[in-house]
Amino acid sequence: MTQRAKIDTDGAEAEAVGPPVVHRPAGLTSAEVAERVARGEVNDVPVRSSRSTTDIVRANVFTRFNAIIGVLWVIMLLVAPIQDSLFGFVIIANTGIGIIQELRAKKTLDGLAVIGEAKPTVRRDGVAAELSTSEIVLGDLIELGPGDKVVVDGEVAEADSLEIDESLLTGEADPVVKKPGDRMMSGSFVVAGGGAFTATKVGREAYAAQLAEEASRFTLVHSELRTGISTILKYVTWMMIPTAIGLVISQLVVKDNNFKDAVARTVGGIVPMIPEGLVLLTSVAFAIGVVRLGRKQCLVQELPAIEGLARVDVVCLDKTGTLTEGGMDVTELRPLDGADGTYVRKVLGALGESDPHPNASLQAIIDAYPDTVEWRCTEALPFSSARKYSGAAFSEGNGENSTWLLGAPDVLLPAGDPTLTEIDHLNEQGLRVLLLARTANELDSPEVAKGARPTALVVLEQRLRPDAAETLAYFADQNVATKVISGDNAVSVGAVAGKLDMPGAANTVDARTLPTDREEMAKVLDENAVFGRVTPQQKRDMVAALQSHGHTVAMTGDGVNDVLALKDADIGVSMGSGSEATRAVAQIVLLNNSFATLPSVVAEGRRVIGNITRVATLFLTKTVYSVLLAVLVVCSQVEYPFLPRHLTLLSTLTIGVPAFFLALAPNKERARPNFVRRVMRYAIPGGVIAAAATFTTYLLARHHYSGAGALEAETSAATLTLFLVSMWVLAIIARPYTWWRLTLVATMGGAFLLVLVVPWLQDFFALKLVGTTMPWAAVFIAAAGGLLLEVAWRWVDRRFPA
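Only a predicted model underlies this, so the values are computations on that prediction, with no experimental measurement involved. (Residues numbered from 1 in each chain as written. Predicted model: local features only at pLDDT ≥ 70, side-chain atom pairs only at ≥ 80, totals over all residues. Heavy atoms only, no water.)

## Remarks on the overall build of the chain
Along its length, the chain carries 27 helices and 21 strands. By sequence separation, contacts in the chain at least 24 residues apart represent 74% of the contacts at least 6 residues apart. Just so you have it, the chain exposes about 32,800 Å², and 58% of that area is on carbon and sulfur atoms. (Helix = DSSP H or I, 4+ residues; strand = E, 2+ residues; numbered from the N terminus. Contact = heavy atoms within 4.5 Å. Areas by Shrake-Rupley, 256 points an atom, 1.4 Å probe, with all protein chains shown as cover.)

Structure representation (structure tokens):
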């Protein structure tokens, strides 16, 4: 039964027992392919899944702050001892770490992209084979089935009830029926039927090349975290420029100091204003996240997806392929109204053979009821999610003709039909029920289902994913609402969700009763958890309604009916075995097809966002106190208290090393919005208190010490105060404490103590506490600053809640 086009059953052809011979184009020959390759007519546009190595190196090396620090480093190498140039070596090491981590992420991402790459079926020499998109040449004949993406521009050569969704390109939601000779737009996808088209534009001429590259590019755009950090750095730059100029004038012109020492102290004041490690650490945290998820066969097609999923508070799930496995089994066949079971099986076998691209339900029927050769298909209507049924017209081989429909009972039958009561009992058990009905209408009639006569019920059992219940429990525990949005019967979907102990599974809604008003729809969505008989357009509308109530929405799916919703959701998650179209628009592809991987992605996102927010406070506290110290020095007309070596030591022990460990630690707290506000509300009071305590100690030390070596003693006392206050900030940031966090804080404190007691380290860092009065005064001032920090941050929590 290979014929699919409608034929005239009144002619002699209808009397033939076997199917008529249908001409099937063989596609290009191997010689023709070789000629086109030689002419360069190949679809060879590289589809990059990540930034190139050159881009990664450039992004990490050629930054605004690296340029500033590089100039200052060269100056310090010329005028000061090597220990005052340590900050330059630290930047080189940090930049190297950033490059290595991003290259690791690139390698992981590129490897996964190859595994998940869509491979269209191309017919050459009469044989169909899967090829890489880059191997397609001009004139190739490319076969299509439901869910396949049109990868290059072309012209329809074969059409078997072919329906194409071009909404991603035109915005028009209704599928377009294509016939031979019609134009195919790359970037569209098949929603029903099948066929083949000839490639008329390949390579850079085809829009698909740009679309595919955009769909799978490793990108850092549209990230609240990255945008927030950029905003902070912009203000820091504007704040830093006048402060640095004032410091230069103060140290080089106003004070008649040793020139080299003045330069060293000026640089010492400018360098810590730059939170250069914050950008680096963010890149490293994201890159390590990609590597970790890659090990779990999770392809992150857009980097902000890690961040976005961490902010998600509603996950919309498609039942089939997510809560249940793709395959189904026929468990029962119930003939209705005395129908002959043997005849019904013949009908089902013929229906299965009539569709060359069966979905999971029809595949189960094909497996259960093989086709009989006597029947011949004269017309076919493929299944689509919008109409919820498929159909076919047959010549039965004995002179009889019949037309059959197979699909959703509540769509094919009028409300109140007694058969629906029997179906409801089956749906309540979580079983899927299809109705086989005979119709007297033409398949191309808009009222083909009107008056259809119920003939049999096909009862299907869906296989639950073994890990689905655990995953749903995880989301419930994390206060993430789950909504099952399915095209199946609502009661049946609710029963499946109930078997998985999903919260709210008892609240089922038939989507045909949903209000069209967005606000009203959003209220229904907030109050219920399971929705059945949802059309593809409704899925899209439901995502928009949830977003209108301020929800961050993730959508999972694997079928063509999920594409529009996946694209509109904040985060689209596709199964690796899903259609080409869903994989193309999703930000995250679960290559192992396991819904259970999703909690890992959420956890990774929360780890990245929560920890970067945490360590950003450390970096920006340093920026605030550095700027304020410089301003106080300029206003007081005194020497800047620190050399670069002192602030390199402090930054390493209180920020650099701790931040690296804290940024990679587990963190399950759901990401919250307003990154800049949440960070600065701590960094500003922290920086002000640290600067005030340090400058107070410095002024007291200037009155206490005199004579040769006084400046070194004053610097040492001020350094002690700044270190202790910074350690207090670190101790607060490290909460809640665990054994390793306490060990980290204690180790940093021990390292500073080592510098103070080991003679050669004292000389190297120019740190030596003189006497007992000022050192103890520095400790007491730092303690007062620490207590003030505790009070200030508690007040901030109450006054400016996140």
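## Examining the side chain of Asp417
In this structure, Asp417 sits in the loop between helix H13 (409–412) and helix H14 (418–427). The buried charged residue Asp417 lacks any salt bridge partner; its closest oppositely charged side chain belongs to Arg453, at an N-O distance of 11 Å. One polar contact links the side chain of Asp417 to the main-chain amide nitrogen of Thr419, over a distance of 2.9 Å. (Buried < 20%, exposed > 50% of the residue type's maximum accessible area, 1.4 Å probe, protein only. Lys, Arg positive; Asp, Glu negative; His and termini not counted. Salt bridge = Lys/Arg side-chain N within 4 Å of Asp/Glu carboxyl O. Polar contact = N/O pair within 3.5 Å; in protein donor to acceptor, adjacent residues only side chain to side chain.)

## Remarks on the environment of Thr29
Along the chain, Thr29 turns up in the segment before helix H1 (30–39). In the structure, Thr29 is positioned 97 residues away from Gly126 in sequence and 8.3 Å away in space, judged by C-alpha atoms.

## Re the confidence of the model for the chain
Summary statistics for the chain give a mean pLDDT of 81 and a share of 90% for residues scoring 70 or more. Considering each helix and strand of the chain separately, the mean pLDDT is smallest for helix H6 (residues 207–215), with a value of 49, and largest for helix H25 (residues 739–757), with 93. Confidence over residues 1–22 falls short of pLDDT 50; this stretch has 40 contacts with residues more than four positions distant or in other chains. Confidence drops under a pLDDT of 50 for residues 211–221, and excluding neighbours within four residues, the segment shows 34 contacts in the predicted structure. (pLDDT = per-residue confidence, 0-100.)

## Topic: the pattern of salt bridges
Under the criterion given, the structure shown has 19 salt bridges. The partner of Asp140 in a salt bridge is Arg124, and the shortest N-O contact between them spans 2.6 Å. Taken together, the residues span a long stretch of sequence, with Asp140 in the loop between strand E2 (127–130) and strand E3 (141–144) and Arg124 in strand E1 (residues 121–124) at a distance of 16 residues. Salt-bridge contacts for Arg387 lead to Glu163; the nearest nitrogen and oxygen are separated by 3.2 Å.

## Observations regarding the side chain of Thr95
Position of Thr95 among the secondary structure elements: in helix H4 (residues 86–115). Those residues in contact with Thr95 that sit more than four places away from it in its chain are Asn60, Val61, Asn66 and Leu280.

## A short note on the nonpolar core
As a rule of thumb, soluble globular proteins bury nonpolar side chains together. Residues Leu309, Ile588, Phe595 and Phe752 are the most contacted members of the largest nonpolar core, which totals 128 residues. Counting residues per element, this core draws most heavily on helix H21 (residues 598–636), which supplies 16 residues. Counting 25 residues, the second largest nonpolar core, distinct from the first, contains Leu525, Ala545, Val553 and Ala565. (Core = buried A, V, L, I, M, F, W, Y, C linked by side-chain atoms within 4.5 Å.)

## With respect to the packing of aromatic side chains
In this structure the tally under the stated criterion is 11 aromatic pairs. Relative to Phe661, the ring of Phe660 has its centre 6.0 Å away and its plane inclined at 85 degrees; by these criteria the two rings are edge-to-face. Measuring from ring centre to ring centre gives 3.9 Å for Phe723 and Phe752, while their planes differ by 10 degrees; the resulting arrangement is stacked. Of this pair, Phe723 sits in helix H24 (residues 710–733) while Phe752 sits in helix H25, and the two are 29 residues apart along the sequence. Taking the relative accessible area as the measure of exposure, Phe752 reaches 3% and is therefore buried. Through successive ring pairs, a cluster of aromatic residues spans Tyr343, Trp375, Phe394 and Trp404. Its guanidinium or amino end placed over the ring of Tyr235, Lys234 lies 5.5 Å from that ring's centre, counting from NZ or CZ. (Phe/Tyr/Trp six-rings, centres within 6.5 Å; stacked < 30°, edge-to-face > 60°. Lys NZ or Arg CZ within 6 Å of the ring centre and 35° of its normal.)

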